[in-house]
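# Architecture at a glance
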Amino acid sequence: MGKVLGTIDELPADYRDELARHNATPLWPSIRGIIPFGMPERRARPHIWRYREMRPLMLRAGELTPIEKAERRVLMLGNPGLAPEPFATASIFFGLQLVLPGETAPNHRHSPSAVRIVVEGEGGFTIVQGERCPMARGDLILTPAQHWHQHEHHGSKPMVWVDALDAPTVMRLDAAYCVPGREQSTSDRPDASQWRYRGAGLLPYERLQRTGNAYPQLRYPWAAVRAALADFAAQAGRDEPVHIAYVNPETGEPCMPVLGFSALMLRPGETLAPPRRSTSAGFVVIEGEGESEIDGQTVAWSENDLVAIPNHAKVRHRNGSGTRPACLIQVDDAPLQRKIGIFEEFDAARA
Ligand SMILES: [Fe+2]
């Protein structure tokens, strides 16, 4: 530390020209930009997309562009620090998707994985590999990489959900592509969350020997998650966060390979300061209102708002109500960071 590094200007012009001709670049003038001391260079900023502002824009998209001309009618939520890339954080794509009554978003599959978090409407379905997943507010539905999926809507009012994709990572791998498919046929059987994976700690007996399916449960109904949060909150100590993870019921591992999903309840009046983490994150407000202080910037949120949290940020959440809980569904890139060995939690002393 403290050594003065060589600059590009002190290299002779003929040498720089020769390097450029060979598509080569010296590392040392920019090494601190690539691996700065102590804290990564973070382009993403704390940011909030307020639903009351985004909803009219979604509905207008429904008037302006028929689904046949959109394939997917999605507004991409781009972090101002990452522009022109339309990503919420370095690793998280957030979109708001609108499906109007009677519309069908056609069948396709692609290499990025997607997860839907429903924020408005009822009567919609996502069909994943022939499994028909009903969509109600707060439900979380997986469409893992290369799984066929289509959306349809039989209700009478608009349906809106958040799309959370690992597209930033897959695109940086130059590996993002899509395949169109014929309309899927479905069985009349309910989705697996309603019978095969009905409750925590219970598995179909055959699964003790055979675990061929990496994604045995595709839908995580909010009603079950909300009840679990309430029971957790009733017993947890005041210093224990009411925070539960969406996992593969057979393995206990995160439900998706790159992005992780969890539900957090802030009890009435609660302030929660989680440890500073190396991950980037975002959350969708499912219930209640409050505010989050992210690296010193405070954003006030209410139902259906989306918030982006940069990597390594110092975060403090506050429930704005003294009588009602607030519930958030959080997305982070902890599964990928753990796989490549860069996940860190910093204690308060280092934070
Ligand atoms: Fe898709």
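Refer to the preceding data block for the structure.
The sections below set out a description of the structure shown in this document.

Cut-offs applied
Residues numbered from 1 in each chain as written. Predicted model: local features only at pLDDT ≥ 70, side-chain atom pairs only at ≥ 80, totals over all residues. Heavy atoms only, no water. Helix = DSSP H or I, 4+ residues; strand = E, 2+ residues; numbered from the N terminus. Rg over C-alpha atoms; globule rule 2.2 N^0.38 Å. Buried < 20%, exposed > 50% of the residue type's maximum accessible area, 1.4 Å probe, protein only. Contact = heavy atoms within 4.5 Å. Areas by Shrake-Rupley, 256 points an atom, 1.4 Å probe, with all protein chains shown as cover. Lys, Arg positive; Asp, Glu negative; His and termini not counted. Charge placed at Lys NZ, Arg CZ, Asp CG, Glu CD. Donors = N, O, S within 2.8 Å, 3.2 Å for Na, K, Ca; no water. Pairing = 2+ DSSP bridges. Axes fitted to C-alpha atoms, helices over the stretch in contact; angles between N-to-C directions. Core = buried A, V, L, I, M, F, W, Y, C linked by side-chain atoms within 4.5 Å.

A count of helices and strands for the chain gives 6 helices and 23 strands. Since a compact globule built from 351 residues should have a radius of gyration of about 20 Å, the 22 Å found for the chain is in line with a globular shape. With the C-alpha coordinates of the chain rotated into their principal frame, the extents come out at 70 × 50 × 50 Å. The 351 residues of the chain split such that 46% are buried. For the chain, the proportion of contacts with a sequence separation of at least 24, taken over those separated by at least 6, is 74%. Carbon and sulfur atoms make up 53% of the accessible area of the chain, which amounts to about 17,900 Å² in all. A distance of 1 Å separates the average location of the 39 positive side-chain charges in the chain from that of its 42 negative side-chain charges.

This brings us to the coordination of the iron ion. Donor atoms from the polypeptide that bind the iron ion are His108 (NE2), His110 (NE2) and His149 (NE2), placed at 2.1 to 2.2 Å. Positions of the donor residues of the iron ion, expressed as sequence spacing, correspond to H-x1-H-x38-H. Histidine 110 gets classed as buried once you look at its relative accessible area, which sits at 12%.

Quick look at the sheet that holds strand 17 (residues 281-287) now. With respect to topology, 6 strands assemble into an open sheet ordered 1-20-17-22-14-13, the strand pairing being antiparallel. Looking at which strands have only one partner, the edges of the open sheet turn out to be strand 1 (47-49) and strand 13 (242-245). Adjacent strand axes in the sheet meet at a mean angle of 20 degrees when their direction is disregarded. Pairing of strand 17 with strand 22 (residues 326-332) involves 6 bridges; the strand directions are antiparallel. Among the inter-strand pairings, glutamate 287 is bridged to a residue of strand 22, identified as cysteine 327. The strands that helix 5 (residues 222-235) touches are strand 13, strand 14 (260-266), strand 17 and strand 22; relative to strand 13, the one it contacts most, it runs at about 140 degrees.

Ordered by their spatial adjacency, 6 strands build an open sheet running 2-3-10-5-8-12, and the pairing between neighbours is antiparallel. In this open sheet, the two edge strands, each paired with only one partner strand, are strand 2 (74-77) and strand 12 (219-220). As paired elements, strand 5 (residues 114-120) and strand 8 (residues 140-143) share 4 bridges and run antiparallel to each other. Following the sheet pairing, isoleucine 117 is matched in strand 8 by leucine 140. The strands that helix 3 (residues 51-64) touches are strand 2, strand 3 (93-99), strand 5 and strand 10 (159-165); relative to strand 3, the one it contacts most, it runs at about 55 degrees.

Before going further, it helps to examine the nonpolar core. In summary, soluble globular proteins display a tendency toward joint burial of nonpolar side chains. In this structure, Tyr246 and Phe261 are the most contacted members of the largest nonpolar core, which totals 49 residues. Examining the composition of this core, we find that 5 residues originate from one element, strand 10, more than from any other. Once residues within four sequence positions are removed from consideration, phenylalanine 261 is found in contact with Val115, Ile117, Leu140, Ala164, Ala245, Tyr246, Cys255, Met256, Gln330 and Val331. Of all hydrophobic cores here, the second largest spans 16 residues; its members include Leu272, Ala281, Trp301 and Ala313.

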